[in-house]
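Descriptive structure summary
Listed below are the residues making up each chain.
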Amino acid sequence: MIPPPPRGKRFEPKPLTPEQARAFLYALKGDRLEAFYTVAIALGLRRGEALALAWEDIDLEAGTLRVRYTLLNLPGGGWSLEEPKSRSSRRTLGLPQFAVQALKNHRKRPTKELMAKGPHWQETGFVFTSEIGTPLDGNNIYKRYKLLLKENGLPNIRFHDLRHTAGTLLCIQSAHPRVAMETLGHSQIGITMNLYTHVASELQGEAADKMDSLLSNRK
């Protein structure tokens, strides 16, 4: 009998707890890429979606953000903008106020860096850039992200788990699954419901404790 082909490695989602998410955002204060990680955790953007954001995609007055592309870092250097694979990935999202403020602070930074770098600055229109204006390298972002987790005693989770964190926080706030689906850009509601089911199972013990404190006959 021919053995079945090996299955791809499945990763168990490891989202940050609300307390850990707050600690992560607090640790980012003043970091050059504070706004990048803030937007990722607030809206559950994929890494490539966050890297591809241009200032024309963001309306800070209206508090909205459009996801139109994903940025790919090419082997050997260079980059490419690609359209999302699914229509659901192209979406317009509302920004929470703390993310708006982080982006406003971030917008002042390129002007200072342009003045410092002078002729070496390259204007690309991207929101998140290197110190000379070019698109960020995803591998460098990942290394910096891992270092931030380690320095602040946070779980050693994948960058993609910030996306799961956003979904978890939506679930905890009792956001409708359809809202979570549109926020995260899932192509099928079943993907969102699997996330919600996972979160709900983790919260069952907490719910039982709350019910016990409410209804147990203690003197």
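These numbers come from a predicted model, not from an experiment.

Bringing the overall build of the chain into the picture now. Summing up its helical and strand segments, the chain has 8 helices and 5 strands in all. Counting from the amino terminus, helix and strand elements in the chain follow one another as α-α-α-β-β-β-β-β-α-α-α-α-α. Relative to its full complement of 219 residues, the chain shows a buried share of 40%. In the chain, the proportion of contacts linking residues at least 24 apart, taken out of those at least 6 apart, comes to 57%. Element-wise, carbon and sulfur atoms account for 54% of the exposed surface of the chain, whose accessible area totals about 13500 Å².

Moving on, we come to the environment of isoleucine 189. Mapped onto the elements, isoleucine 189 comes out in helix H8 (residues 189–215). For the pair isoleucine 189 and proline 177, spaced 12 residues apart in sequence, the C-alpha separation works out to 7.5 Å. For isoleucine 189, the contacting residues outside a window of four places in its chain are Pro177, Arg178 and Met181.

Moving on, we come to the sheet that holds strand E5 (residues 91–94). As summarised here, the arrangement of the 3 strands in space is E1-E2-E5, forming an open sheet in which the pairing is antiparallel. Each edge of the open sheet carries a strand with a single partner, namely strand E1 (58–59) and E5. Where strand E2 (residues 64–67) lies against E5, 4 bridges are found, and the strand directions are antiparallel. Pairing of valine 67 across the sheet is with arginine 91, part of E5.

Let's shift gears to the confidence of the model for the chain. For the chain, per-residue confidence averages 82 on the pLDDT scale, and residues scoring 70 or more make up 80% of the total. The weakest mean pLDDT in the chain belongs to H8 at 62; the strongest belongs to E1 at 96.

This part takes up the pairing of strand E4 (residues 79–82). Relative to E4, strand E3 (residues 70–73) runs antiparallel, the two being bridged by 4 bridges. If you follow leucine 72 over to E4, its bridge partner there is serine 80. Connecting E3 to the antiparallel partner E4 that follows it, the hairpin turn spans 5 residues, and glycine 76 within it adopts a positive phi of roughly 85 degrees.

It is worth spelling out the packing of aromatic side chains at this point. Aromatic rings in a pair are described by how distant their centres are and how their planes are angled relative to each other. Within the structure shown, the criterion is met by 10 aromatic pairs. Centre to centre, the rings of phenylalanine 36 and phenylalanine 128 are 5.2 Å apart; their planes meet at 85 degrees, and the pair counts as edge-to-face. Taken together, the residues phenylalanine 36 in helix H2 (residues 34–43) and phenylalanine 128 in the loop between helix H4 (97–117) and helix H5 (138–151) connect sequence positions 92 residues apart. Take phenylalanine 36 and phenylalanine 128: they sit in the same class, and that class is buried. When the centroid spacing of 6.1 Å and the interplanar angle of 20 degrees are considered together, the rings of tyrosine 37 and tyrosine 145 count as stacked. Residue tyrosine 37 is located in helix H2, and its partner tyrosine 145 is located in helix H5; the two are separated by 108 residues in the primary sequence. For the pair shown, tyrosine 37 and tyrosine 145 are each scored as buried.

A few words now on the pattern of salt bridges. One pass over the structure, following the stated rule, counts 9 salt bridges. Of the charged contacts in the structure, one is a salt bridge between arginine 91 and glutamate 49, with a shortest N-O distance of 3.0 Å. You can see arginine 91 sitting in strand E5 and its partner glutamate 49 sitting in helix H3 (residues 47–51), a full 42 residues away along the chain. In this structure, aspartate 57 and arginine 68 form a salt bridge, with 2.6 Å as the shortest nitrogen-oxygen distance. Here arginine 68 lies in the loop between E2 and E3 and aspartate 57 lies in the loop between H3 and E1, a separation of 11 residues in the sequence. Judged by relative accessible area, aspartate 57 falls into the buried class, the value being 4%. Each of the salt bridges in this network shares a partner with another, and the network as a whole consists of Glu56, Asp57, Arg66 and Arg68.

About the thresholds
- Residues numbered from 1 in each chain as written.
- Predicted model: local features only at pLDDT ≥ 70, side-chain atom pairs only at ≥ 80, totals over all residues.
- Heavy atoms only, no water.
- Helix = DSSP H or I, 4+ residues; strand = E, 2+ residues; numbered from the N terminus.
- Buried < 20%, exposed > 50% of the residue type's maximum accessible area, 1.4 Å probe, protein only.
- Contact = heavy atoms within 4.5 Å.
- Areas by Shrake-Rupley, 256 points an atom, 1.4 Å probe, with all protein chains shown as cover.
- Pairing = 2+ DSSP bridges.
- pLDDT = per-residue confidence, 0-100.
- Phe/Tyr/Trp six-rings, centres within 6.5 Å; stacked < 30°, edge-to-face > 60°.
- Salt bridge = Lys/Arg side-chain N within 4 Å of Asp/Glu carboxyl O.

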